[in-house]
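Results of the structural survey
Listed below, chain by chain, are the residues.
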Amino acid sequence: YNGWEANFQGQFPVGIDHNRSNELVGYPNPTSGLIHLPSQKNLKWDVFDLKGRRIASGSSDNIDLRLLNIEPQILLLRMTSNDKTVNQRLVFSPN
C-alpha cells in the first residue's frame, strides 16, 4: 500500500475503439481532399487554416466535403449540430 487508492465505477472506454457513433467526427484523417462528415440534423461546418482564415463552410446538405487547391497543412474542422460543437484537427496532404 503506497498511501492512495482509487475506486472506479461505471464504464470507462479505453483505447481508440470505443463507441463514437454519436460523436461529430470527420474522416479519413489524414485526408487527401475528400472528408466524410457525420449525417446529423442541423449540422453546420467550417474549415479554418491555422492562421484562423475560413477556407470552406457548409451545412447538413453536404455530407462530403472536398478540399481543392490548398497547400498541404494542418486544418481545423469545426462542426456544430444542435447544441454541440466539436473542433477536429485535420491533416491535409493532397496526392
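In this text, all values refer to a predicted model and were calculated from it rather than measured experimentally.

1. Remarks on the pairing of strand β5 (residues 73–81)
- Pairing between strand β2 (residues 43–49) and β5: 7 bridges, direction antiparallel. Residue pairing for β5: Val47 is matched across the bridge by Leu77.
- Pairing geometry for β5 and strand β6 (residues 84–92), over 9 bridges, is antiparallel. Residue Gln73 lies in a different strand from β6, and its bridge partner there is Phe92.
- Two successive antiparallel strands, β5 and β6, enclose a turn made up of 2 residues, where Asn82 displays a positive phi of approximately 55°.

2. Here we look at the environment of Pro38
- Along the chain, Pro38 turns up in the loop between β1 (34–36) and β2.
- Put simply, Pro38 and Ser60 are 22 residues apart on the chain and 8.8 Å apart in space, counted from C-alpha to C-alpha.
- In contact with Pro38, not counting residues within four places along its chain, are Glu23, Leu24, Val25, Leu43 and Met79.

3. Some remarks on the confidence of the model for the chain
- Overall, the predicted model of the chain reaches an average pLDDT of 80, with 75% of residues at or above 70.
- When mean pLDDT is compared element by element in the chain, β5 scores highest at 94, while strand β4 (residues 64–66) scores lowest at 87.
- When the criterion is pLDDT under 50, residues 14–21 qualifies, and its contacts beyond four places in sequence or with other chains add up to 3 contacts.

4. A word on the environment of Arg78
- One can find Arg78 in strand β5.
- The exposure class assigned to Arg78 is partly exposed, which follows from its relative accessible area of 32%.
- Linking Arg78 and Gly26, residues 52 residues apart in sequence, is a C-alpha distance of 9.7 Å.
- Non-local contacts of Arg78, meaning those with residues more than four positions away in its chain, are made with Lys44, Trp45, Asp46, Phe48, Thr85, Val86 and Asn87.
- Only 3.0 Å separates the side chain of Arg78 from the side chain of Asn87, close enough to count as a polar contact.

5. A short note on the pattern of salt bridges
- Enumeration over the complete set of coordinates arrives at 2 salt bridges.
- Of the charged contacts, one joins Arg54 and Asp46 as a salt bridge, the two residues approaching to 3.2 Å between their closest N and O atoms.
- Its relative accessible area of 55% is what places Arg54 among the exposed residues.
- One salt bridge connects Arg53 with Asp49, and the closest N-O pair in it is separated by 2.7 Å.
- For Asp49, a relative accessible area of 8% translates into the label buried.

The rules we used
Here the residue numbers are simple positions, counted from 1 along each chain's written sequence. In view of the model being predicted, local features appear only for residues whose pLDDT reaches at least 70, and side-chain atom pairs are presented and counted only at 80 or more, with totals across whole chains, interfaces and linings using the full set of residues. Derived side-chain values reflect all non-hydrogen atoms in the structure, with water molecules and hydrogen atoms excluded from consideration. Should DSSP find at least two bridges between two strands, the strands are regarded as paired. A run of H or I in DSSP counts as a helix once it spans at least four residues, and a run of E counts as a strand once it spans at least two, with each numbered from the N terminus. In what follows, residue pairs with any heavy atoms lying within 4.5 Å of each other are defined as contacts. Note on scores: pLDDT gives the predictor's confidence for each residue, bounded by 0 and 100. Remark: exposure states derive from per-residue accessible area (1.4 Å probe, protein chains only) relative to the maximum for the residue type, with buried under 20%, exposed over 50%, and partly exposed in between. Definition of a polar contact: a pair of N or O atoms within 3.5 Å, with one able to donate and the other able to accept a hydrogen when the atoms are protein atoms, and with sequence-neighbouring residues admitted only if both atoms are side-chain atoms. By definition, a salt bridge exists where a carboxyl oxygen of Asp or Glu is found within 4 Å of a side-chain nitrogen of Lys or Arg.

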